[in-house]
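Chain and residue survey
These are the residues of each chain, in order.
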Amino acid sequence: MASNLPATGPSLPPTRVRTGSRDTIYPHRSVRAVRVGPGRVLAGLGAAILLSGLLAYFASDVLEVHSTLVGELCLLAGLPVTGWTAVNLFPSLPLGTTPLVRIPPFESVSVAARFALIASIAGLMLVAARLSFLRNLSYFLAVLLFLSATANAVFDTFRMDPAIFGQIWLRQELLVWFILPWVLLLLFVVPEPKWARGLAWMAFVLGYGLVFSAMRFVFVLGVLHYSGALFMPALWFLFGTLSDLLYVLFFFSIAVHRSSGELWGERSAWRSHF
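Notes on the structure in this doc start here. (Residues numbered from 1 in each chain as written. Predicted model: local features only at pLDDT ≥ 70, side-chain atom pairs only at ≥ 80, totals over all residues. Heavy atoms only, no water.)

1. Observations concerning the packing of helix 3 (residues 111-130) against helix 4 (residues 135-154)
Definition in use: Only the contacting stretch of a helix is used when fitting its axis, a line to C-alpha atoms as for every element, and angles between N-to-C directions run 0 to 180 degrees. Helix and strand assignments follow DSSP, with helices taken as H or I runs no shorter than four residues and strands as E runs no shorter than two, numbered in order from the N terminus. Here is the rule for angles: anything less than 35 degrees is roughly parallel, anything more than 145 is roughly antiparallel, 65 through 115 is roughly perpendicular, and the remaining ranges are oblique. Note on convention: the crossing is left-handed when the near helix lies turned anticlockwise from the far helix by less than a right angle, right-handed when the turn is clockwise. Pairs of residues are marked as contacts when any of their non-hydrogen atoms sit within 4.5 Å. Under this grouping Gly is polar, as are all residues other than the nonpolar Ala, Val, Leu, Ile, Met, Phe, Trp, Tyr, Cys and Pro and the charged Asp, Glu, Lys and Arg.
In contact at an axis separation of 8 Å, helix 3 and helix 4 are set at 160° when each is read in the N-to-C sense. Accordingly, the angle class assigned to the pair helix 3 and helix 4 is roughly antiparallel. Relative to helix 4, the crossing made by helix 3 is left-handed. For the pair helix 3 and helix 4, the contacting residues are Leu117, Ser120, Ile121, Leu124, Met125, Val127, Ala128 and Ala129 in the first and Arg135, Ser138, Tyr139, Leu141, Ala142, Leu145, Phe146 and Ala149 in the second. Of the residues assigned to the contact of helix 3 with helix 4, the class counts are 13 nonpolar, two polar and one charged.

So, in structure tokens, the structure goes:
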């Protein structure tokens, strides 16, 4: 028999009905405390124009510094550099120089390098099975290595020219350096409470990019010297433009953490108790 007693339970809060519409949309709370004035924007634009202009004007000196770093790192790593060659980069820009290091074809690659490729694919499959957040990346890298092994086995006499590799690398990095000041303007100058510190971040990240480019170039060149083009697609994916993006985001996260602590204060829940 159905009961006539009223059902008991938690009462629902009254529903808010929005009446009318706003003329403007207020900023999200993550950026609501950031004060972006015209002076800050003009200072950032001026810094971006200045850095891009200096890079274009002193492009030969910047490339010379990069080549010097590469030479010192090659000497430190023990890579047998047989010489240096000049390469064309972009019209109206000076030539770049790249080291000549022997890159063997697949038919001359050692057995150890071939087993290293197989071990890398097996290791990526193990990582994909154990770590779900790295599964897609591991599968993608494994496919790249498999396709690279297949292409090298079919075209076993193909020899990669170190001069062409250096030319492609310098073209990519020079283009990144020209774009970086405008990206850093949005990432560091605008959200920073102190615009002078944002400008310092811009200069620092650009300088770090120059040094980090030389380090990555020598590492990839060393792997190519000992294993040929077996790992080339995966190396280019990991240490090419993706690495440029990652180091910019790394320093951006540090800058945002510092500026957030100044704007809103550090939360005790984020602090370690150990």
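Alright, that's what it looks like, and here's the rest.
2. Some details on the pattern of salt bridges
What counts here: Just to be clear on terms, a salt bridge is a Lys or Arg side-chain nitrogen sitting within 4 Å of an Asp or Glu carboxyl oxygen. For every residue, the accessible area (1.4 Å probe, protein chains only) is compared with the maximum for its type, and the residue is labelled buried under 20%, exposed over 50%, or partly exposed between those bounds.
Under the counting rule described, the total for this entry stands at two salt bridges. In this structure, arginine 216 and glutamate 173 form a salt bridge, with 3.2 Å as the shortest nitrogen-oxygen distance. Of this pair, arginine 216 sits in helix 6 (residues 195-227) while glutamate 173 sits in helix 5 (residues 162-189), and the two are 43 residues apart along the sequence. Overall, arginine 216 belongs to the buried group, its relative accessible area being 2%. Between arginine 216 and aspartate 244 there is a salt bridge; the shortest N-O distance is 2.8 Å.

3. A closer look at the packing of helix 4 against helix 7 (residues 232-239)
Running from amino to carboxyl end, helix 4 crosses helix 7 at an angle of 140°, the nearest separation of the two axes being 7 Å. Classified by the interaxial angle, the pair formed by helix 4 and helix 7 is oblique. Side by side, helix 4 and helix 7 meet where Leu137, Phe140, Leu141, Leu144, Leu145 and Ser148 of the first sit next to Pro233, Ala234, Phe237 and Leu238 of the second. Here the contact of helix 4 with helix 7 is built from residues that sort into nine nonpolar, one polar and no charged.

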